[in-house]
Amino acid sequence: MKVYHYLALAVVLFSCSKTNEPTQSTIDQRVDSVLSQLTLDEKIGQLNLPSAGAFTTGEAESSDIAKKIEQGQVGGLFNIKTAASIREVQKIAVEKSRTKIPLLFGMDVIHGYESVFPIPLGLSCSWDMALIERSARIAATEASADGINWTFSPMVDVSRDPRWGRISEGNGEDPFIGSEIAKAMVRGYQGKDFSGNNTIMSCVKHYALYGAIEAGRDYNTVDMSHQRMYNEYFPPYKAAIDAGAGSIMASFNEIDGVPATANKWLLTDVLRKEWGFNGFVVSDYTGVSEMIEHGIGDLQTVSARALDAGLDMDMVSEGFLTTLAKSVKDGKITEKQIDEACRRIVKAKFELGLFDNPYKYCDEKRSKTEIYTAANRAEARSTAAQSFVLLKNDKNILPLKKSGTIALVGPLADAKENMTGTWSVAARFSESISVLSGLQKATEGKAKVVYAKGANLDADEVLETNSTMFGKGLHRDKRSSTELLNEAVRIAKGADVIVAAVGEAAEMSGEAASRTTIEIPETQKELLKALLKTGKPVVLVLFTGRPLVLKWEQENVPAILNTWFGGSEAGDAIADVLFGDVNPSGKLTTTFPQHVGQVPIYYAHKNTGRPLAEGKWFQKFRSNYLDVSNEPVYPFGYGLSYTQFEYGEIQLSKSKMTADDSLQASVTVTNTGALEGKEVVQLYIRDMVGSVTRPVKELKGFQKITLKPGESKQVTFTIGKNQLGFYHQDLTWGAEPGDFQVMIGGNSRDVKQVVFTLAEN
Ligand code: BGC
């Protein structure tokens, strides 16, 4: 019997691999045919996703994992790279296992591969969807040239809590721009289809609501109304799915008291039945076994619950591998349910073309010529410059002249290993461009750059150790804070301008890197104070993976450029912007609070029954604080340029319409400054009266335009039911008649506004 199975399977695979054209049977038929020849254990094997860790092929071959692959107990592998290593492992699957089913090879290719782009939160501040799509395209090209066919990206968790370290991995607080970015990333990774060998399957994550964990403490509980889920947190996941994302990752957190990993409502009712998703669902790292700690059962129980809920693949826990067969026997789940999960995974492999050519992504020639190329690095450099946000520029200190003496100071100034930020697993840290190197190159033969570290990251050595993991050291200076500071002040006194590269280290944000104090560490603030005392102009070049509280900096430092973590080419990109070769145009996609106590703070809040009167910052019995105003330091959408833009009044094509109709809102934007620049024109809408309370404004459109000095452009937005509809209390969707406020401006605070009426149909 076994022999018969083996041969029949070989025939199916052979007929598939003989031709590039799909055979007469559709993929579905081919999948059925494969499935019909697998034993229960082999089907369960397809649902297992172990991590290869740091294994090279040799080690993998003699390891437990190699044996498991040979025995048909592995569906995919992650954390392994290079075309040659992956070819070796794939060989075990397709030549030594009975099933001969090729493996998926996954990796967290989050913001670039070896050519590293800005962290996602930074990238989102470019508001440039073509640019973002290109960054994902390049990431896919490089990763696929190294053997990888599946990326755990995009991460689209809306987050309004800067204490959460993983806010750095997403696109900020807003579901509208978050959805646009989700689509752009999926398009970039997956391209038109998987017919070539440089498009890879995306995995949208972390489904769902992971960005809303309580207190910003990683892996914590989530609890929210369904109305809020549908209106504010679900849209980016759905957008990625609508764009064709092949897989989705369940999040660690619970929803309605049930971990996402075993949440049937989430994984089946919403995802499959409402949204029509037909790819596969993978757990997060040990997401299955963690449900034991969540307290909903032992490994067998949680594994069965996860499968029953709609989870298809188990990352690392091996709960599926070790307990599902028993659960079938015990009648807890059916073999049909396992077939379903297995079918989805095998189908993805067919879609990727792995049955036709399991070595499709193992082209060693491509590894040599398509990774970390000059062109990709140039694109990473120009992209980084588009992600920077100019927060302040008193008296036009910036751009700097390439002359005189520039004192470069700060723990992030000569810190190439930290430039790529969190989740840059394939980066060549030691080759990244530091600020020091970028500034030196840009000014060679024209200006003198002098450098001193000035301070360690933090006075607390333990905190520095915990914030500089994964090869991203900051080379702690053993001298005392005073010695470091004095040296910096000495060189600063002899300079014409001071550039202070300060802020967070790369691993102060990202996974399991939550903070309760979201400020520049005290030691570095002391350095800034001492530098300001010299009376020289100070430019703060900020490194951060989250919105920080910059109240003191905004009040005291004349120029602030937020560079996030710009990627492998960060230092060159920073020089490009500091010297005005690139005019900054980034705009924030998260609110920067004035105090951590305001968190969660976001622009699209509700009005409440007791809003503060305009212009006031405290009124008794109103919704406010005794000690700080409700205002942020920098609102959502905010960002300056080296030039200035003026907005005209909004013109509406009509002041009344029905929901089947649409109208145009136009505004003329003029560059009133002396330099060419880019401006992100933002459209916000407020539904003045609803059957449920509505936010004070919601982003519903944006356009990034380029204007020469003195030039004006008319920007037009079309408004129809898509911009006006929302999920009601019963979770039906639609626009409600009444008045709507239209607001257009260069950030969420400073807007022009008009009103129109949506009439009954
Ligand atoms: C993270 C995911 C990641 C996975 C695999 C988890 O800890 O939450 O974002 O994709 O590890 O590396």
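Residues numbered from 1 in each chain as written. Predicted model: local features only at pLDDT ≥ 70, side-chain atom pairs only at ≥ 80, totals over all residues. Heavy atoms only, no water.

Enquirer: Hey, could you run me through the site of the ligand in this one?
Expert: As a matter of local geometry, the ligand sits amid 13 residues, with Asp108, Arg166, Lys205, His206 and Asp284 nearest to it. In the model, an oxygen atom of the ligand is placed 2.7 Å from a nitrogen or oxygen of the His206 side chain. Measuring from an oxygen atom of the ligand, one finds a side-chain N or O atom of Glu511 at 2.9 Å. Here the ligand has 310 Å² of accessible area as a free molecule, and 94% of this is covered by the chains. Considering only residue class, the shell around the ligand consists of seven nonpolar, one polar and five charged. (Near = heavy atom within 4 Å. Polar contact = N/O pair within 3.5 Å; in protein donor to acceptor, adjacent residues only side chain to side chain. Areas by Shrake-Rupley, 256 points an atom, 1.4 Å probe, with all protein chains shown as cover. Nonpolar A, V, L, I, M, F, W, Y, C, P; charged D, E, K, R; others polar.)

Enquirer: Looking at this structure, how should I read the pairing of strand E6 (residues 247–250)?
Expert: Moving residue by residue along a regular strand, the side chains alternate between the two faces of the sheet. Side chains Ser247 and Met249 project from E6 onto one buried face, and the interleaved Ile248 and Ala250 project onto a second face that is buried too. Two elements, strand E5 (residues 201–207) and E6, share three bridges in a ladder whose sense is parallel. Bridging from a neighbouring strand, Val204 pairs with Ile248 of E6. (Buried < 20%, exposed > 50% of the residue type's maximum accessible area, 1.4 Å probe, protein only. Helix = DSSP H or I, 4+ residues; strand = E, 2+ residues; numbered from the N terminus. Pairing = 2+ DSSP bridges.)

Enquirer: Sorry, what's going on with the packing of aromatic side chains here?
Expert: Between two aromatic rings, the relevant description is the distance of the centres plus the angle of the planes. Summed over the entire model, instances satisfying the criterion amount to 25 aromatic pairs. With a centroid separation of 6.3 Å and an interplanar angle of 35 degrees, the aromatic rings of Phe234 and Trp265 are classed as tilted. With Phe234 in the loop between helix H10 (226–233) and helix H11 (235–242) and Trp265 in helix H12 (residues 264–274), this pair connects stretches of sequence that are 31 residues apart. Judged by centre distance (6.1 Å) and plane angle (70 degrees), the ring pair of Trp564 and Phe592 falls under edge-to-face. With Trp564 in the loop between strand E16 (559–562) and helix H24 (570–578) and Phe592 in the loop between H24 and strand E17 (645–647), this pair connects stretches of sequence that are 28 residues apart. Like Phe592, Trp564 is buried. An aromatic cluster of at least three residues, connected via ring pairs, comprises Tyr207, Tyr230, Phe234, Tyr237, Trp265, Trp275 and Tyr727. (Phe/Tyr/Trp six-rings, centres within 6.5 Å; stacked < 30°, edge-to-face > 60°.)

Enquirer: Is there a simple way to think about the side chain of Gln594 in this case?
Expert: Relative to the assigned elements, Gln594 resides in the loop between H24 and E17. A polar side-chain atom of Gln594 sits 2.8 Å from the main-chain carbonyl oxygen of Glu631. Not counting chain neighbours up to four residues away, the residues in contact with Gln594 comprise Val549, Lys551, Val628, Ser629, Glu631, Pro632 and Val633. (Contact = heavy atoms within 4.5 Å.)

Enquirer: Honestly, the environment of Thr322 in this entry has me stumped. Any pointers?
Expert: Looking at the element boundaries, Thr322 is found in helix H15 (residues 319–329). When its relative accessible area of 52% is taken as the criterion, Thr322 is described as exposed. Residues Thr322 and Gln300, spaced 22 residues apart in sequence, show a C-alpha to C-alpha distance of 8.1 Å.

Enquirer: Would you mind going over the pairing of strand E22 (residues 698–707) with me for this structure?
Expert: With seven of 10 residues buried, E22 is to be regarded as a mostly interior element. Judged from the nine bridges that link them, strand E21 (residues 677–687) and E22 form a sheet pairing that is antiparallel. Bridge assignment links Val680 to a residue of E22, and that residue is Lys704.

Enquirer: Just checking my understanding: could you explain the sheet that holds E21 for this structure?
Expert: Across a sheet, paired strands are connected by hydrogen bonds in the backbone, their directions being either parallel or antiparallel. Pairing is mixed in the open sheet, where five strands are placed in the order E19-E27-E26-E21-E22. The open sheet has two edge strands, strand E19 (656–658) and E22, and neither has a second partner. When strand polarity is set aside, the average angle formed by the axes of neighbouring strands in this sheet is 30 degrees. (Axes fitted to C-alpha atoms, helices over the stretch in contact; angles between N-to-C directions.)

Enquirer: Would you mind going over the nonpolar core with me for this structure?
Expert: Within soluble globular proteins, side chains that are nonpolar generally end up buried alongside one another. Trp150, Tyr207, Phe234, Val539 and Leu578 are the most contacted members of the largest nonpolar core, which totals 206 residues. What Val539 contacts, discounting residues up to four positions off in sequence, is Ile397, Leu398, Leu400, Val497, Ile498, Val499, Ala500, Ala559 and Leu578. Membership of the second largest hydrophobic core comes to 23 residues, among which are Ile650, Ala665, Leu683 and Phe756. (Core = buried A, V, L, I, M, F, W, Y, C linked by side-chain atoms within 4.5 Å.)

Enquirer: How should the packing of helix H2 (residues 27–35) against helix H16 (residues 335–351) be read in this particular structure?
Expert: In helix packing, the relevant descriptors are the interaxial angle and the interaxial distance, both defined with respect to the helix axes. Their axes nearest at 9 Å, the elements H2 and H16 cross at an angle of 125 degrees. Between H2 and H16, the angle falls in the class oblique. Relative to H16, the crossing made by H2 is right-handed. On H16, the residues touching Ile27, Asp28, Arg30, Val31, Asp32, Val34 and Leu35 of H2 are Asp339, Cys342, Arg343, Val346, Lys347, Phe350 and Glu351. Of the residues belonging to the contact of H2 with H16, the class tally is seven nonpolar, no polar and seven charged. (Parallel < 35°, antiparallel > 145°, perpendicular 65-115°, else oblique. Left-handed = near helix turned anticlockwise from the far one by under 90°.)

Enquirer: Explain the layout of surface pockets to me, please; I cannot follow it from the model alone.
Expert: Over the atoms, a rolling probe the size of a water molecule traces out where space has been left empty. The volume enclosed by the largest pocket comes to roughly 1,300 Å³. Lining the largest pocket are 35 residues; nearest its centre among them are Tyr603, His605, Asn630, Glu631 and Val696. Contributing elements (two or more residues each) for the lining of the largest pocket: strand E26 (738–745) and strand E27 (751–759). Taken together, the residues of the lining of the largest pocket break down into 15 nonpolar, 13 polar and seven charged. Reported here for the second largest pocket is a volume of approximately 760 Å³. In this structure, the second largest pocket is lined by 29 residues; those nearest its centre are Phe176, Ser179, Pro235, Lys700 and Asn722. Taken together, the elements giving at least two residues each to the lining of the second largest pocket come down to helix H9 (175–190), H10, H11, E22, helix H25 (721–724) and strand E24 (726–727). Of the residues that constitute the lining of the second largest pocket, the class distribution is 14 nonpolar, five polar and 10 charged. (1 Å grid on protein atoms, 1.4 Å probe; cavity = no way out; pocket = protein on both sides within 12 Å on 5 of 7 lines; lining within 4 Å. Points joined across faces, edges and corners; volume = space filled by probe spheres on them.)

Enquirer: Can you walk me through the sheet that holds strand E15 (residues 538–543) in this structure?
Expert: Spatial strand order, E11-E16-E15-E14-E12-E13: six strands in an open sheet with mixed pairing. Where the open sheet ends on each side, the last strands, each with one partner, are strand E11 (389–393) and strand E13 (448–452). On average, each strand axis in the sheet is tilted by 20 degrees relative to the strand beside it, whichever way the strands run. Sheet topology note: the strand E12 (residues 405–409)/E13 ladder contains five bridges and is parallel. Considered in E13, the bridge of Leu408 is made with Tyr451. Its contacts with the sheet put helix H22 (residues 522–533) on E12, strand E14 (497–503) and E15, and the angle it makes with E14 is roughly 170 degrees.

Enquirer: Sorry if this is basic, but what is going on with the packing of helix H14 (residues 299–309) against H15 here?
Expert: Orientation of H14 relative to H15, taken along the N-to-C sense of each, is 85 degrees, at an axis distance of 9 Å. Accordingly, the angle class assigned to the pair H14 and H15 is roughly perpendicular. From H14, Leu299, Gln300, Ser303, Ala304, Ala306 and Leu307 reach across to H15, where they touch Gly319, Phe320, Thr322, Thr323, Leu324, Lys326 and Ser327.

Enquirer: Quick question: what am I supposed to make of unusual backbone geometry here?
Expert: The phi torsion of most residues other than glycine is negative, and most of the peptide bonds are trans. Tyr207 connects to Ala208 through a cis peptide bond whose omega is 5 degrees. Relative to the helices and strands, Ala208 is located in the loop between E5 and H10. Geometrically, the link from Leu398 to Pro399 is a cis peptide bond, its omega value of 0 degrees lying close to zero. Backbone geometry places His475, a non-glycine residue, at a positive phi of 50 degrees. Along the chain, His475 turns up in the loop between helix H20 (461–466) and helix H21 (481–493).

Enquirer: How do you make sense of the pattern of salt bridges when you look at a structure like this?
Expert: Pairing between side chains becomes possible if they bear opposite charge and their charged atoms approach one another. Taken as a whole and judged by the stated rule, the model has 52 salt bridges. In this structure, Arg87 and Glu364 form a salt bridge, with 3.1 Å as the shortest nitrogen-oxygen distance. Of the two residues, Arg87 is situated in helix H6 (residues 83–96) and Glu364 in helix H17 (residues 364–369); the sequence distance between them amounts to 277 residues. Residue class for Arg87 comes out partly exposed when judged on its relative accessible area of 28%. A salt bridge links Arg381 to Asp576; the nearest nitrogen and oxygen atoms lie 2.8 Å apart. Placement of Arg381 in helix H18 (residues 374–387) and of Asp576 in helix H24 is noted, with a sequence separation of 195 residues between them. (Salt bridge = Lys/Arg side-chain N within 4 Å of Asp/Glu carboxyl O.)

Nothing here speaks to function; it is all geometry.
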